[in-house]
Structure formats: C-alpha cells, structure tokens
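Okay, here's what each chain looks like letter by letter:
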Amino acid sequence: MDKAIELHAVDTIYEGEKIPSLKNINLHVNKGEFIAIIGPNGAGKTTLLETINGLLESKKGKVIVLGKELNGDGNGIRKLVGYVPQDYSIDELTPFLVSDVVLMGRFGKIGLLKPITKNDKEIAKNMIDYLGISDLSHRPIGKLSGGQAQKVMIARALAKEPEILLMDEPFSNLDFEARKDVSEKLSHFHKSKQMTFVIVIHDIASIPKVCNRIIVMDAGKIIADGKKEDILKPELLEMGYKGIVC
C-alpha cells in the first residue's frame, strides 16, 4: 500500500530549547487511512502534526510526505496538505467575511498570486454549504463564536482539496450536537474522497467511527499504535499503556 506519510527516527526541537519535543519517532501512514492521535498534554501530538506539515523542521531523521522528503520540497508538499490548527487567534476587528476566509483555502492549492476562478469560488461555496454554515457567509470572521469559527477553519481546509488533512483538536469548541454532525461529515468526506486524515483528539468519545487506527503519544514518543478496538481496550486505558512501546 502506498505511503502518505513516513517518519524515520525523527527528532524535533523547538527553537531555543535543548530537549527534543519529539524523540526518535518512527511512523508510517498509508494513503486513505483515518488516524487519531491521543495522549496527555505535552505529549508531542501538536508537534508531530507541525513536523509533518513542515511548520517545524526535524533536527534528526527523515520526514517523507507523499513520496517526497519534506526538507527538500516543503512548499510543494504543503499544497497537497490541509491543516486545521488547534490555536488560531482571530481579532474581532478582522474585516474578512466567512466566504473570504474559506476561499483563502484555494490559494494554498493554486498558489498565492494566481487569479481566483469561478471554479474556485464554487468549491469554497460547496464547502461552506457542506459544513452547514451558509448563514454565516457574509458575517465577519472576527464576530463568530469559537464553534462557528472552528467550522469555518475546517471548511477552509477542505476547500483546499488536499490529499492529506491534518487536524489538531477539530471538535474542541463544538457542543455535543455540532461535534457529532461535523464528525459524521468528515467521515463521509474521508470515505468519498479516500483522503488521508490524521487528527489529534483529546476526548476519546469523540473519535469518529470511521477511524481505523489510533496512535498514543507520551513524553514525545509513540508508546502505542494499533487498531482502534485494540488500543481502546479498558485494561490498556487503565494501565496508561505502560509497557507497550511501538
């Protein structure tokens, strides 16, 4: 099976720090997989996504995305990768409308200086409709609630039409019903497009049903990696995965 993501003995260190946030990470993700990453705060989950996306440069090892080494072609690879960050601060005075923000996702695909076409606008509108936020289209992004803004950021990432979608806590600002709705829509999108999904998630109960593999991280390392039904066994959760190292 073709690999979407490969990490070989990767260490990642934040600028100004001496201790790696990621330590000797070995990971492969097949094309079309839906993977959830879980673990305590400070485990390295966000750092892993940022390393895969090229926002942080690995100090050791190799990161290969869609067959290309990241350090050699970061900009080209990022055109094929969508990213929904956990933290995004939006000034309430930001003048951009929701429709503008979602359309910005197309620049990641076509290039920043390329003209926007009718097709680009249609794709952005379709993603707004898909996430159920059509009524927000003409509202300033800075005036939205946290949950509404989160849906907008997801729509923007989907509008990019990436081959890989990385999402960091995509349900954190959503209430129960909205979380269920967005989870089902992402699952449907994954199935219909055969897109590779890697999401960081805190609430185990919110892991989408379509997820077929779970990675557990702690202290910058992968300590468990396997099928959802195996990783979520009650006895392993209670043990904190002690003694399990992948």
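Residues numbered from 1 in each chain as written. Predicted model: local features only at pLDDT ≥ 70, side-chain atom pairs only at ≥ 80, totals over all residues. Heavy atoms only, no water.

J.: Honestly, the sheet that holds strand β9 (residues 213-218) in this entry has me stumped. Any pointers?
T.: Through backbone hydrogen bonds, the strands of a sheet pair up, either in parallel or in antiparallel fashion. Strand order in the open sheet formed by six strands is β6-β7-β8-β3-β9-β10, and the pairing between neighbours is mixed. Strands at the two margins of the open sheet, each flanked by one partner only, are β6 (81-84) and β10 (221-226). The sheet shows a mean angle of 15° between the axes of neighbouring strands, direction not considered. Sheet topology places strand β3 (residues 34-38) next to strand β8 (residues 196-200); four bridges connect them, and they run parallel. For I35, the partnering residue across the bridge sits in β8 and is V198. Running over the sheet, helix α1 (residues 45-52) touches β3, β6, β7 (164-168), β8 and β9 and is turned about 150° from β7. (Pairing = 2+ DSSP bridges. Helix = DSSP H or I, 4+ residues; strand = E, 2+ residues; numbered from the N terminus. Axes fitted to C-alpha atoms, helices over the stretch in contact; angles between N-to-C directions. Contact = heavy atoms within 4.5 Å.)

J.: Could you clarify how one ought to interpret the sheet that holds strand β2 (residues 22-30) in this entry?
T.: Read across the sheet, four strands follow the order β2-β1-β4-β5 without closing on themselves; strand pairing throughout is antiparallel. What marks the edges here is a single partner per strand, and that holds for β2 and β5 (68-69). Bridge count between strand β1 (residues 3-12) and β2: six bridges; the pairing is antiparallel. Residue I5 lies in a different strand from β2, and its bridge partner there is V29. Strand contacts of α1: β1, β2 and β4 (60-65), with the helix running at about 115° to β1, the strand carrying the most contacts.

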